[in-house]
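Commentary on secondary and tertiary structure
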Amino acid sequence: MAQHTALIEVHKELGAKMAPVNNWDLPLFYPGGTVAEHRHCRKAAGLIDLGDRVLCQLAGDLSALQPFLTTAPATLPTGTAAYCRWLKPDGTIGADVTFCRMGENDCLASFGQGITATVVNQLTANLPETVQLRMLTGALSSFMLLGPRADEVMGVCYEGTLPELWHWEKLTFHDEDEEFRAIVLKKELFGMTAWEFIFNAEYAADLYEIFYRNTAVEPVGLTAFESLRIESLTPGAAEFAGHTPAQCLLHSSEPVRLIAAALPRHPAKPGAEITDESGKKLGTVTSGAFCPANETAKVLGFVEFTGNIAPGTTWYFGGIAGEII
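Here's a quick rundown of the structure.

The rules we used
Residues numbered from 1 in each chain as written. Predicted model: local features only at pLDDT ≥ 70, side-chain atom pairs only at ≥ 80, totals over all residues. Heavy atoms only, no water. Salt bridge = Lys/Arg side-chain N within 4 Å of Asp/Glu carboxyl O. Buried < 20%, exposed > 50% of the residue type's maximum accessible area, 1.4 Å probe, protein only. Helix = DSSP H or I, 4+ residues; strand = E, 2+ residues; numbered from the N terminus. Lys, Arg positive; Asp, Glu negative; His and termini not counted. Contact = heavy atoms within 4.5 Å. Core = buried A, V, L, I, M, F, W, Y, C linked by side-chain atoms within 4.5 Å. Pairing = 2+ DSSP bridges. Axes fitted to C-alpha atoms, helices over the stretch in contact; angles between N-to-C directions. Phe/Tyr/Trp six-rings, centres within 6.5 Å; stacked < 30°, edge-to-face > 60°.

This brings us to the pattern of salt bridges. Applying the stated rule across the entire model yields eleven salt bridges. Glu-179 is paired through a salt bridge with Arg-181; the nearest N and O atoms lie 3.1 Å apart. By relative accessible area, Arg-181 is classed as exposed at 52%. In this structure, Glu-209 engages Arg-213 in a salt bridge whose closest nitrogen and oxygen atoms are separated by 3.8 Å. Taking relative accessible area as the criterion, Glu-209 reaches 33% and is therefore assigned partly exposed. A network of salt bridges, in which partner residues are shared, links Asp-175, Glu-209 and Arg-213.

Below is the structure:
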């Protein structure tokens with residue numbers, strides 16, 4: 001049975017289409033539709049449930065984490081945050097993670113979308129004894145305010161001083177006679193301002209309501225969130241094609257490439273085979289979504305391929321013809 005986030009009743013009231021994703025029951029989209037959510041988030045602000053994210057505390061000798069990460073948490077000043085990657089033993093990427101330096105020997109880690117507790121347990125199985133890990137998922141929950149008007153909304157919902165970019169603070173929000181405390185982190189995401197809130201799960205709905213009442217804010221489901229992500233990664237620049245970014249395979253000389261392609265309106269599903277015109281398998285689709293800004297579907301995937309991959313090359317993604325961009 002799929003797990004529910006602390007905002008499950010809110011999603012039901014708003015008429016969300018729910019579906020199990022990585023053993024969590026999450027909102028795919030709301031009655032207005034994915035495209036409307038995507039466009040509203042690009043011009044105003046969207047609220048996104050992050051209740052499925054793995055949250056944990058890492059305490060002790062933070063310098064001992066360095067072999068596992070692409071950023072050194074021990075060098076972060078208290079009150080700041082950084083986005084980095086957690087590495088597998090072979091040097092490849094295991095997970096995206098945001099670290100908030102809470103104190104001299106204390107960090108709060110928020111793992112990225114789709115990273116399950118099982119994956120986190122595997123990645124942290126060999127932590128040195130000088131570092132203690134405590135899982136906080138369930139006791140704490142999270143949502144995000146994202147969009148060009150996010151700062152404006154924050155200014156209305158909180159009257160005090162707000163944290164600067166890549167800083168966090170513990171803020172108290174008031175609603176009539178009640179008050180709700182949250183760790184609030186300001187970051188950049190998909191080319192926009194994002195405010196991530198981490199708080200006690202028991203008052204998730206009340207805190208969400210404070211922001212949802214703002215006329216600039218609309219709920220955003222997982223499908224629109226994915227289209228925003230893919231759209232920001234695939235601007236259509238020719239130089240994107242065929243590159244092997246450092247975040248894909250940091251310590252590997254294998255000819256594995258991250259590629260992006262434009263398809264007809266319906267994208268290929270994750271796990272679909274990527275083949276050339278002869279039917280030879282080259283790789284696998286990792287994600288795909290319809291991107292309203294380009295009025296086309298886009299997919300990302302990894303392929304084993306040597307030599308140049310010219311923009312406009314036709315490959316097949318689960319049988320759907322697409323052009324490399």
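Let's pick the thread back up.
On to the side chain of Arg-53, then. Its place among the elements puts Arg-53 in the loop between β4 (45-49) and β5 (55-60). One buried charged residue, Arg-53, forms no salt bridge at all, with the nearest opposite charge on Asp-52 at 4.7 Å. Among residues more than four places away in sequence, those in contact with Arg-53 are Phe-111, Gly-112, Gln-113, Thr-137 and Phe-225.

Another point: the nonpolar core. Membership of the largest hydrophobic core comes to 27 residues, with the highest contact counts inside it found for Phe-143, Leu-145, Phe-173, Phe-197, Leu-207 and Phe-211. The set of elements that each furnish at least two residues to this core consists of β4, β10 (140-146), α4 (150-157), β11 (168-175), β12 (178-189), β13 (192-200) and α5 (204-212). Counting residues per element, this core draws most heavily on α5, at five residues. Ala-82, Ala-95, Phe-99 and Phe-111 belong to the second largest nonpolar core, which has 23 residues in total.

Attention now goes to unusual backbone geometry. The backbone phi angle of Trp-166 is positive, close to 60 degrees, even though this residue is not glycine. For Trp-166, the location among the structural elements is in the loop between α4 and β11. Of the residues examined, Trp-166 reaches a relative accessible area of 23% and is grouped as partly exposed. Of note in the backbone geometry, Phe-190 takes a positive phi value of approximately 55 degrees without being a glycine. Within the element layout of this structure, Phe-190 appears in the loop between β12 and β13. Judged by its relative accessible area of 12%, Phe-190 falls in the buried class.

What follows covers the sheet that holds strand β7 (residues 93-103). Strand order in the open sheet formed by five strands is β6-β7-β8-β5-β9, and the pairing between neighbours is antiparallel. Each edge of the open sheet carries a strand with a single partner, namely β6 (81-87) and β9 (131-135). Adjacent strand axes in the sheet meet at a mean angle of 30 degrees, parallel and antiparallel pairs treated alike. Here β7 pairs with strand β8 (residues 106-111) via six bridges, running antiparallel. Of the residues in β8, the one forming a bridge with Arg-101 is Cys-107.

Throughout the structure, instances matching the rule amount to 16 aromatic pairs. Ring centres 6.1 Å apart and planes at 70 degrees place the aromatic pair Phe-143 and Phe-211 in the edge-to-face group. Highlighted residues: Phe-143 in strand β10 and Phe-211 in helix α5, separated in sequence by 68 residues. In this structure Phe-143 comes out as buried when scored by relative accessible area, which is 0%.

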